[in-house]
Each structure stands twice: as structure tokens, then as C-alpha cells.
Amino acid sequence: MIRIGAGLTAGGAIIVGTAAASAENQPPAQAEQDTLNARELAGRIKDIYEAESERAGGTWQAEITVLDGDDPPIPAVDADSGSVQTAASMNKLAIALGVLDKVDRGEAALDDRITLDQDIILGGSGLYFHQAAFGDELTVANILVALLLVSDNTAVRLCGLVCPPAEINQTLEAKGFTDTRVIPSEDNPDRMWLGDTTAHELNDLLHRLALGELLSETGTGAMLGILRGLSGYHDGFRRNMSSAQRSRIAMKYGADGPDRNEAGVVYTADGAPAVVYAFTTQTEGHEDDYGATHPAVEAKAAMGRQIIDALDRTELAAPPAAGIDLQDPDGQ
């Protein structure tokens with residue numbers, strides 16, 4: 001059981017569900033073990049990562065940190081985390097950050113409308129391309145949900161109409177990100193390729209977001225609320241968890257060819273950000289497997305179950321900005 005002070009509600013509107021996993025849902029050996037401190041948790045996470053990544057094979061870049069009160073993050077894993085890699089859909093985090101920063105500056109609004117025309121539709125992941133007719137008037141808020149929750153590719157183009165790629169890159173630079181960049185299209189200044197990132201900068205982005213350091217309270221709450229949604233991606237880190245446990249993880253996934261990337265913030269049962277993880281991985285021979293059977297994805301599922309069990313046996317100090325009220329985000 002974690003003993004940690006309850007945190008502030010990010011954005012004032014994120015209400016998401018109750019307590020830690022019950023003992024009957026945990027392996028008996030885990031439930032009976034002694035309480036860990038933050039550094040012991042970091043050591044346990046390192047062991048979990050090394051075992052599961054080795055079992056999966058492929059090439060991994062990773063950074064995992066433990067948050068413990070006002071102290072600097074405790075490194076648990078740093079495996080080539082500064083290596084610049086294909087971001088795939090991970091840079092939808094960067095796009096959302098650019099859009100919400102523009103909203104914070106008063107240069108756009110979440111209820112601004114954009115028309116979903118047929119000529120902007122892009123296939124692949126998401127939902128908009130499944131429609132049989134178009135012409136919808138979408139709010140910026142709606143587009144961000146599609147961008148982050150179901151990783152809609154058309155939403156990238158729609159966001160470009162609000163915050164062009166050159167402006168997104170300026171925002172990233174101003175916030176201290178040096179390697180995370182989208183690539184502007186040469187043919188249309190409002191369109192972009194998803195570009196590159198690093199495991200280190202993914203970790204840093206989510207860490208600072210969880211502490212309310214990148215956006216306003218409203219923007220922070222909006223973005224974290226979407227990333228925690230129970231209608232999002234569950235094949236990786238969140239797979240082997242109850243819905244209440246899944247709602248404690250704000251995460252994003254990205255896949256393209258050999259790349260299977262994922263990053264997230266794991267919260268305590270009391271709603272405080274406690275573990276930040278970021279993986280970029282490359283596995284040859286599994287390019288067409290975008291499901292739960294991909295070796296790297298299976299490894300992340302195994303890590304997630306073990307890490308949340310270890311976290312639920314850890315005593316941490318309350319961080320300066322503990323992010324969420326734990327009630328079910330999807331009202332279930």
C-alpha cells in the first residue's frame with residue numbers, strides 16, 4: 001500500500017477512479033513482500049526492464065525514472081536514451097503540446113471550429129476516415145481527443161490548420177526540446193511528417209507535463225485526461241491490468257515499420273505521478289505485426305504488470321504537483 005498525500009486535480013476536470021489493485025488481483029508473492037522505498041523501486045524496475053527487453057530481443061532505447069517528492073527524478077533505466085529515432089505517432093504528443101500552448105497564449109481556443117472536408121482525410125490509424133460522409137464541424141478539443149486517444153492520422157492534418165508545423169517546432173525549441181521535431185511538408189505549410197524524437201525527450205515531456213510545467217492547468221488537465229482514457233491503446237504497458245489500474249497511466253503509443261514506441265506516466269493509487277517511462281524500439285522481421293503479439297509490445301505488457309505491482313508496494317513522498325483524482329475517467 002502506498003502512503004502518499006493526495007494530489008491536486010490537473011485542470012480541475014479530470015476525475016478518475018479509485019484505489020490500488022486489490023490483493024486478490026496481485027500475485028501472492030508480490031502482495032506479501034515488504035514495502036519498498038523509491039530507490040528500491042528504481043532497482044526493481046531496472047531488473048524488470050533488463051529481463052523483459054532481453055527476452056524480447058531487438059534494439060531498445062529507454063528511459064525510466066521514479067518521482068519521489070521534491071527530489072530530482074531517480075533514474076531506474078537509461079539505455080541509449082539520447083539516440084534520435086523515428087517518432088511515429090509519439091510526436092502526436094508534440095503536436096498536441098503545440099496546439100495547447102497556442103491555446104494558452106490566447107491565439108486559439110478549444111471551441112474553435114474546423115470543417116472535416118473529404119480532401120483532408122488520411123488513412124491509417126484513427127476514426128475519421130471510416131466515415132461515409134463528411135462536412136462535420138469539429139472543435140479543436142474534439143480533434144485533440146482523436147489525435148491522442150485513437151491516434152488519428154487525419155487529426156494531424158487538422159491540427160496543422162490550427163498550429164502549423166513550423167510553429168510546433170518553435171514551441172518545442174522554446175520549451176527546451178532539441179531533438180523532438182515534426183517535419184514540415186515542402187508542398188503545404190500546414191502539413192507535416194511526424195519526424196523524430198528520443199526516449200529521453202519523451203520522458204522529459206511527460207514528466208514536466210505531469211508536474212504542470214509545460215502548459216496551463218487547463219491544458220495540462222485536458223492532455224493528461226485524454227492520455228488516460230480507457231478507450232485508448234491497451235496492447236502494451238496497460239494490457240494486463242484492471243480498468244482502474246489502466247486509468248492510472250497516461251500514455252501514448254507509436255508504430256511504424258520496425259518501430260514500436262511507447263511512453264507514459266504511472267500514477268499512484270492516490271493520484272500522484274510516480275514513474276515515467278519511455279521506450280523506442282526496433283525489431284526486424286515483425287514489421288507487419290501491429291498487434292499484441294509483437295515481441296516488443298509483449299515485453300512492455302510484462303513490464304507494466306510488474307512495475308505497477310512494485311509501485312503499489314512502495315512508499316513515496318508526495319511530489320510538488322500530484323496530478324489526478326482517481327475515479328473512472330470514462331464513467332464506467
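Structure's up top.
Residues numbered from 1 in each chain as written. Predicted model: local features only at pLDDT ≥ 70, side-chain atom pairs only at ≥ 80, totals over all residues. Heavy atoms only, no water.

Caption draft 1: Broad picture of the environment of Ile 48. Mapped onto the elements of the fold, Ile 48 is located in helix α2 (residues 38-56). A relative accessible area of 2% places Ile 48 in the buried class. C-alpha separation for the pair Ile 48 and Met 303, spaced 255 residues apart in sequence, amounts to 6.2 Å. Excluding residues within four positions of it along the chain, Ile 48 makes contact with Met 303, Gln 306 and Ile 307. (Helix = DSSP H or I, 4+ residues; strand = E, 2+ residues; numbered from the N terminus. Buried < 20%, exposed > 50% of the residue type's maximum accessible area, 1.4 Å probe, protein only. Contact = heavy atoms within 4.5 Å.)

Caption draft 2: Layout of the sheet that holds strand β6 (residues 181-184). As summarised here, the arrangement of the three strands in space is β3-β7-β6, forming an open sheet in which the pairing is antiparallel. At either margin of the open sheet sits one strand with a lone partner, and together these are β3 (85-86) and β6. Summarising the sheet, β6 and strand β7 (residues 192-197) pair through three bridges and their orientation is antiparallel. Bridging across to β7, Ile 183 finds its partner in Trp 193. (Pairing = 2+ DSSP bridges.)

Caption draft 3: Region of the structure containing unusual backbone geometry. The phi torsion at Asp 80 lies on the positive side, around 55 degrees, for a residue other than glycine. Looking at the element boundaries, Asp 80 is found in the loop between β2 (74-79) and β3. For Ala 88, which is not glycine, the phi torsion reads 55 degrees and is therefore positive. Its place among the elements puts Ala 88 in the loop between β3 and α3 (92-104). By relative accessible area, which is 7% here, Ala 88 ends up buried.

Caption draft 4: Focus on helix α5 (residues 154-162). Burial of α5 is extensive: eight of the nine residues sit out of reach of the surface. The complete set of buried residues in α5 reads Thr 154, Ala 155, Val 156, Arg 157, Leu 158, Cys 159, Gly 160 and Val 162. Along its buried surface, α5 packs onto α3, β4 (113-116), β5 (136-139), α4 (140-149) and β7.

Caption draft 5: Fine view of helix α8 (residues 217-227). What α8 keeps buried is the set Gly 219, Thr 220, Gly 221, Met 223, Leu 224, Ile 226 and Leu 227. Buried residues along α8 sit against α3, α4, α7 (199-210), β8 (249-256) and β9 (259-267).

Caption draft 6: Local environment of the state of the cysteines. According to the stated counting rule, one finds zero disulfides in the structure shown. No disulfide involves Cys 159; its sulfur sits 8.5 Å from the nearest other cysteine sulfur, which is in Cys 163. For Cys 163, a relative accessible area of 0% gives the class buried. (Disulfide = S-S within 2.5 Å.)

Caption draft 7: View of the pairing of strand β10 (residues 273-282). Here β10 lies mainly inside the structure; ten of its ten residues are buried. When strand β1 (residues 59-66) meets β10, the two strands line up antiparallel, connected through eight bridges. Paired with Val 66 across the two strands is Val 275, which belongs to β10. The sheet contact formed by β9 and β10 spans seven bridges and is antiparallel. When the sheet's bridge partners are listed, Glu 262 is paired in β10 with Phe 279.

Interpretation note: all reported values are geometric properties and have no functional meaning in isolation.
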